[in-house]
Amino acid sequence: MAVLELVHYGNPILRKKCKPVNDFSNLSKFVDDMYDTMYEEEGLGLAANQVGNDINLFVIDISHIDDNEFQRLFINGEIISGSGESYFSEGCLSIPEITLEVKRPETIVFKYQDIKGDWIEEEFDGLLARAIQHEIDHLNGVLIIDRVPELKKVTIGQELRKIKENSEIKMRQKSENQGLVI
Ligand code: ZN
C-alpha cells in the first residue's frame, strides 16, 4: 500500500491533456496506489494527473451509495454523448475546501478501456455520471473553476490565489530537494 502525494491547483500538470495509456502490462501497482490515495484523502474519484502522473486513467468508488460501484477503473475514456442537465455541488481534492455548483449533462454514454485493455461502452447517470465527467475533465486539463460563471470565480479568487501560492512553494521545495543529491 502506498499513498501518493496529491498535487494542487497551481501545478501545471493539472492543466495538461494527459497521454493515452498504451502499455497495459504494468498498471496494477499504480492503480492500487490510486485507490489507497483516494481513500486516504476521502475522495469519490481520482485522476492520474492529480498524483502527478499525466496518463489517461482515473478511479472512482461510490460503493457507499451503490454496492455495485466498488472500485471502478476507467482508462483512455471518452464521452460519446450526453443528455439532460443537472446541477450538483462538487468539491475537488486538487482545490481543497472549495465547492462549486457545476452544471453537467445528467446522463452520458462513455467509452473506455479496462485494466486488460478491452474497450467497453456504457451508459451512466446520477452520481457516477457526475464523477466520471469530473475526472475526465481533469485528464483534459479542465477544473471545476472552469465550469462556473466568471463572477463566481471572482468571489473565490483569494482562496484560489492562496492554494496556487502554496502549490508553487511546494514545487519549488521539491526541485531544490532534488538538487541536494549527495
Ligand atoms: Zn477534482
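In the block above lies the structure referred to throughout.
Description of the structure in this document. (Residues numbered from 1 in each chain as written. Predicted model: local features only at pLDDT ≥ 70, side-chain atom pairs only at ≥ 80, totals over all residues. Heavy atoms only, no water.)

### Digging into the overall build of the protein chain
Phase 1 of the analysis: For the protein chain, the count of helices and strands is 4 helices and 7 strands.
Phase 2 of the analysis: Mapped from its N terminus to its C terminus, the protein chain presents α and β elements in the order α-β-β-β-β-β-β-β-α-α-α.
Phase 3 of the analysis: Over its C-alpha atoms the protein chain spans a radius of gyration of 17 Å, differing by no more than 12% from the 16 Å that the globule rule assigns to 182 residues.
Phase 4 of the analysis: Seen through its C-alpha atoms, the protein chain measures out along the principal axes to roughly 50 × 45 × 30 Å.
Phase 5 of the analysis: Burial statistics for the protein chain: of 182 residues in total, 45% are counted as buried.
Phase 6 of the analysis: Sequence-distant contacts, at least 24 apart, represent 65% of the contacts inside the protein chain between residues at least 6 apart.
Phase 7 of the analysis: Total accessible area on the protein chain stands at roughly 10,200 Å², and carbon and sulfur atoms take up 49% of it.
Phase 8 of the analysis: Mean positive and mean negative side-chain charge positions of the protein chain (20 and 33 charges, respectively) differ by 8 Å. (Helix = DSSP H or I, 4+ residues; strand = E, 2+ residues; numbered from the N terminus. Rg over C-alpha atoms; globule rule 2.2 N^0.38 Å. Buried < 20%, exposed > 50% of the residue type's maximum accessible area, 1.4 Å probe, protein only. Contact = heavy atoms within 4.5 Å. Areas by Shrake-Rupley, 256 points an atom, 1.4 Å probe, with all protein chains shown as cover. Lys, Arg positive; Asp, Glu negative; His and termini not counted. Charge placed at Lys NZ, Arg CZ, Asp CG, Glu CD.)

### Points about the pairing of strand β2 (residues 57-60)
Phase 1 of the analysis: Side chains L57 and V59 of β2 all project onto a buried face; the interleaved residues F58 and I60 project onto the opposite face, where all are buried too.
Phase 2 of the analysis: Note that strand β1 (residues 45-47) and β2 share 3 bridges and pair antiparallel. The partner of G45 across the bridge, within β2, is I60.
Phase 3 of the analysis: One ladder, built from 4 bridges, connects β2 with strand β3 (residues 72-83); its direction is antiparallel. Opposite V59, over in β3, you have L73 as the bridge partner. (Pairing = 2+ DSSP bridges.)

### Focus: the sheet that holds strand β7 (residues 119-125)
Phase 1 of the analysis: Taken in spatial order, the 5 strands of this open sheet run β1-β2-β3-β6-β7, and their pairing is antiparallel. This sheet does not close on itself; its edge strands, each paired only once, are β1 and β7. Going across the sheet, the axis of each strand differs from the next one's by a mean of 40°, ignoring polarity.
Phase 2 of the analysis: Running at roughly 45° to β2, helix α1 (residues 28-41) makes contact with β1, β2 and β3 of the sheet.
Phase 3 of the analysis: The strands touched by helix α2 (residues 126-139) within the sheet are β1, β2, β3, β6 (107-113) and β7, with β2 carrying the most contacts at an inclination of about 150°. (Axes fitted to C-alpha atoms, helices over the stretch in contact; angles between N-to-C directions.)

### Observations concerning the nonpolar core
Soluble globular proteins: nonpolar side chains tend toward being buried together.
Phase 1 of the analysis: Residues M34, L57 and V59 are the most contacted members of the largest nonpolar core, which totals 17 residues.
Phase 2 of the analysis: Breaking this core down by element, the ones donating at least two residues are α1, β2 and β3.
Phase 3 of the analysis: Sorting elements by how many residues they give to this core places α1 first, with 5 residues.
Phase 4 of the analysis: Beyond its immediate stretch of four places on either side in the chain, V59 contacts V31, M34, Y35, M38, L44, G45, L46, R72 and L73.
Phase 5 of the analysis: If you look at the next biggest cluster of nonpolar residues, it comprises 16 residues, including C18, I108, Y112 and A129. (Core = buried A, V, L, I, M, F, W, Y, C linked by side-chain atoms within 4.5 Å.)

### Some details on the state of the cysteines
Phase 1 of the analysis: Scanning the entire structure with this criterion turns up 0 disulfides.
Phase 2 of the analysis: Cysteine C18 is unpaired, with the sulfur of C92 as its nearest cysteine sulfur at 13 Å.
Phase 3 of the analysis: The buried category is assigned to C92, whose relative accessible area is 10%. (Disulfide = S-S within 2.5 Å.)

### Observations regarding the coordination of the zinc ion
Phase 1 of the analysis: Only C92 (SG), H134 (NE2) and H138 (NE2) from the protein coordinate the zinc ion, and they sit 2.1 to 2.3 Å from it.
Phase 2 of the analysis: Along the chain, the residues donating to the zinc ion are arranged with the sequence spacing C-x41-H-x3-H. Of the two residues, H134 and H138 are both situated in helix α2; the distance of 4 residues between them amounts to about one turn of the helix. Neither H134 nor H138 differs from the other in exposure class; each is buried. (Donors = N, O, S within 2.8 Å, 3.2 Å for Na, K, Ca; no water.)

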